[in-house]
Amino acid sequence: PDTINFVVVDVSAREYDFDAPASLSNAFVSGQQYFVIARVTNAAGIFTDHASDGVYIDTTAPYPMWANDIWFRDAAGLETYITEDADTGDVDLHDGEAAVRAKWKCDDDESVADGVRGTMTYRWRVCDTAACDATVYFTASSETDASGWMDAGDANYGTSVEPLPNVAEGNNVFVQVECTNPVGLTHTFASDGMVISRAAPDATSAVIADLDASDVGSVDDVDFTDADVLHAAWSGFAPASGAPEGGDIAYYEFAVRTDATLGSDNDVLEWTWVGLVAEAMTDAAVTELVDGVEYFFAVRAVSEAGGATEIVSDGVTSDRSPPVGGVVVETRPYEDTELLCPGQECVLVGAEGEDIDAQPTRTALRVALSGATDPHTPIVSVQYAFSTCDVPRDFNTVPLTDFGSTDDAALFDDGDGVDLAHGRRYCGVAVVTNAAGAEAIFVGDGVVFDLTPPVPLYARGTVAVAADLTATVSVTHACVDAQAPGMEYLVAIEGPLPAAGSGESTPVARDFVSVGDAESDVITGLDLDHASRYVAAVKCISEAGLFSVGRGEPFVMDETGPDVDDVTVWHGAHRVVASYSVNRDRLVASWTGFRDAESHVDRFAWSVGTTEGGSDLVALTDVGAATTASVDGLGLSDGDTMYVTVHAYNRVGLSSQVVSTGITVDSSAPEDGSVVIVNLSGADPEDDGMTYVTTVTTVEAQWTGLTDAHTPVTYEWSIGSSAYGQQIVAFANVGDATEATVDTLSLAVSGVYFVTVRARNAAGLVSHAATRPFFVDPYPPEAGRVYDGPSPARAVRFTSVMDSVPCSWRGFVDEQSGVTHLDVAVGTAPGLADVAAFVELSATATSHAFDLASGDELTAGVR
């Protein structure tokens, strides 16, 4: 330690006072920083040192640097320097009504050193003298003490807690400041004071000019602007008469508002400081203008005393948008056709003053403007010009010519240099300018100079005849004009046409009537002559008014439908005759023979019904020029009959119809549950299914059941050596007979044969039925021997039994067809059966007993 050596203190001590040593003459050095060092030693003698952060010795009060009276108002852009740590911003005047603002500074080299060593604190007050020995302001405020002191802490500027209480003109106001250093020593000093003055600048000669911001350098006042910013300049402000020294103009402020009244709200831009610059311009990024709004510049000149004088401009209306709604049309230059199309025939197209797309005039152009308005500012100028439409703003045909603000049309002729090229399009142009200088250019859709009339392409007339025989003619037509494609058509009907070479003129059945730009027309209610020829005529008028006439091929008036005398309708392909069909779902029809000598057959339609002329199956359907038609999905039942009706239409729309003879549906073959019997009179079917015939030359067959409920049936039969075969007799048609005989055969004994019957219905469907196999056996069985008695071994000649006669037999055989059964009888002589009739027995029986009366001689017989 270089000032006081270590002093031993009790370990429980927490503080210690040092006295200045004799070496320093018993006084510490002012301005010197001293540090206290605490050394802590343990029982082992080990120690550590700890130092304080130091303390400065200060025995002198702080000294003042400045106390400045600061401008009492803030304004946008105005720098008052109140927060600047420098001796700046001092003013000498105050209005006596605003709050007091001031800044100050003290320093102390020992304990503050401009804040390096410590902090200075301040308090301040406002008085009418520098010593504050008279009037002290704000003493009654709760934010001051009884002496009016206002605590500022370490801040070196401040604003009074209240405004001044309307201090009288000419009085003085001082700011007194007390600064205190860190050791509590103080110093009090005051500003140089301000004089109370309310003098405002003189605006008697002051004016504001609203300038055109887009016209740099212009100093003329404007009432309208198309700029994005507002620009104004002013002059004529002067210091107030009799103002104290320092009462000159301090600065200008400007504002923008929409009300010209002095003191009204600055609803567009608040007051903005511009210093002593006597002009201002708004910032487009900050102040966005609205078209149609009138804006007023307000300028406020502020004196050094704070007095302000305000003036307002006469206003400027913003209109950055050009005029709107203008429609430019090119109109007919002349209403006299001799001027419009010299040397040609033409008509006036449209009404006078209407927009045109083409004209036949080479040396004149007319343009008209309508609808141009500006919602915000007046229109002050209209200029007209013509240019080729590929570069409408070059004005290369007629230069831009001013017609004032009221003329709504302009005519240019050869005196203006108009000399048009055929097929070229020229656009009228109008340049419309509003009072703000914003221009709008309106361009027409152009007019083509067309020197040539249109070319007819075709005119086609087709006639249709109603039930009352009045004619309706449908006309289609077209013309072409490469320069003026828009076209008006007029249609007429001419005729009857005279014979070629007769020299007679052609009468007019109906004169030309306009159909506009339609390329078709329907003319009704015409009374035309049957079998006479007529022609459709079309007059084509181009957009330029030039025209030409075209005629089509003649058409013939026809009052009768097609001739049906030679018509045939087939149920199938052409010339295929069918009255029956196996298909219940499909029908094909064809026809031929329709004729029409006058207007020819044009098309056909067909229908199908279950009654003659009906259409319940197929509604009347157009098939064009086709002479065949078909339908699927009918879903008919067997036995249903369909009728086809064919309608033929000639070119005038009249029709004739023919109904077919009908076609019946039968999709099922004849019933095949039949019975076929061979040689019904001479053959017996055996239980084993075989049939024998007794002749080799003749076969007779009968059949039943091969019938059809829907269509007629015809039969064929055959004889073969196999089932359904025809090896012996080929199938032969017997019509609708149900039996047949052949007697020229040479059948083999013991041969096996079959009879087949084939039934075919009208739809061509077939069913077959065949006999069981049959055999030929022309020979009877070989005869055996009959015995009286119950068995051959017990034959008797007499018997005492009166009521019963037994008999027996053996040896009956047939090598071909076998014995099928035996017949046994009793008679009074051989071969007779007059006692007991034949009784049929099985082929295996060998005896039989008869009950008889007694006394007769009896003979038994076996067959």
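Above this text sits the structure in question.
Residues numbered from 1 in each chain as written. Predicted model: local features only at pLDDT ≥ 70, side-chain atom pairs only at ≥ 80, totals over all residues. Heavy atoms only, no water.

Draft legend 1. Just the pairing of strand β34 (residues 487–494), in detail. Among the eight residues of β34, seven are classified as buried, and the element is accordingly described as predominantly covered. Relative to strand β37 (residues 533–542), β34 is paired through eight bridges, and the arrangement is antiparallel. Directly across from Ala 492, in β37, lies its bridge partner Ala 537. Summarising the sheet, β34 and strand β35 (residues 508–516) pair through five bridges and their orientation is antiparallel. By the bridge assignment for β35, Ile 493 is matched with Arg 510. (Buried < 20%, exposed > 50% of the residue type's maximum accessible area, 1.4 Å probe, protein only. Helix = DSSP H or I, 4+ residues; strand = E, 2+ residues; numbered from the N terminus. Pairing = 2+ DSSP bridges.)

Draft legend 2. Looking closely at the packing of aromatic side chains. Counted under the stated rule, the structure contains 18 aromatic pairs. Residues Trp 104 and Trp 124 carry aromatic rings whose centres are separated by 5.2 Å and whose planes lie at 40° to one another, so their mutual orientation is tilted. With Trp 104 in strand β7 (residues 99–107) and Trp 124 in strand β8 (residues 121–127), this residue pair connects regions lying 20 residues apart in the sequence. For the pair formed by Trp 104 and Trp 124, the shared burial category is buried. Residues Tyr 534 and Phe 555 carry aromatic rings whose centres are separated by 6.1 Å and whose planes lie at 25° to one another, so their mutual orientation is stacked. On the criterion of sequence distance, the pair formed by Tyr 534 in strand β37 and Phe 555 in strand β39 (residues 555–556) is long-range, its members being 21 residues apart. In this structure an aromatic cluster arises from ring pairing among Tyr 384, Phe 386, Phe 403 and Phe 412. Lying across the ring of Phe 547, Lys 539 places its NZ or CZ 5.2 Å from the centre. (Phe/Tyr/Trp six-rings, centres within 6.5 Å; stacked < 30°, edge-to-face > 60°. Lys NZ or Arg CZ within 6 Å of the ring centre and 35° of its normal.)

Draft legend 3. Up close: the sheet that holds strand β19 (residues 279–281). Sheet architecture is open: three strands sit in the order β14-β16-β19, paired in antiparallel fashion. Either end of the sheet is taken by a strand with one partner, and the two such strands are β14 (207–211) and β19. Averaged over all adjacent pairs, the angle separating strand axes in this sheet is 20°, with direction ignored. (Axes fitted to C-alpha atoms, helices over the stretch in contact; angles between N-to-C directions.)

Draft legend 4. Seen up close, the sheet that holds strand β32 (residues 455–465). With antiparallel pairing, three strands are arranged side by side in an open sheet as β32-β33-β36. The open sheet has two edge strands, β32 and β36 (520–526), and neither has a second partner. With direction set aside, neighbouring strand axes in the sheet form an average angle of 20°. Two elements, strand β33 (residues 471–480) and β36, share five bridges in a ladder whose sense is antiparallel. Bridge assignment links Ala 471 to a residue of β36, and that residue is Leu 526.

Draft legend 5. Unusual backbone geometry, seen in detail. Residue Pro 496 is bonded to the preceding Gly 495 through a cis peptide linkage, with omega at 0°. Phi is positive for Leu 469, close to 70°, though the residue is something other than glycine. Here Leu 469 is to be found in the loop between β32 and β33. What makes Leu 469 partly exposed here is its relative accessible area of 33%. In this structure, His 600 is a non-glycine residue whose phi angle is positive, near 65°. Examined against the element boundaries, His 600 turns out to sit in the loop between β42 (587–592) and β43 (601–609).

Draft legend 6. Representation of the layout of surface pockets. Within this model, the largest pocket holds a volume of roughly 1,100 Å³. The wall of the largest pocket is formed by 30 residues, among which Phe 6, Phe 18, Val 36, Ile 37 and Ala 38 lie closest to the centre. Sorting the residues of the lining of the largest pocket by element identifies β1 (33–34) and β2 (37–41) as the ones contributing at least two each. Looking at the lining of the largest pocket, the element that brings in the most residues is β2, giving five residues. A per-class count over the lining of the largest pocket returns 20 nonpolar, five polar and five charged. (1 Å grid on protein atoms, 1.4 Å probe; cavity = no way out; pocket = protein on both sides within 12 Å on 5 of 7 lines; lining within 4 Å. Points joined across faces, edges and corners; volume = space filled by probe spheres on them. Nonpolar A, V, L, I, M, F, W, Y, C, P; charged D, E, K, R; others polar.)

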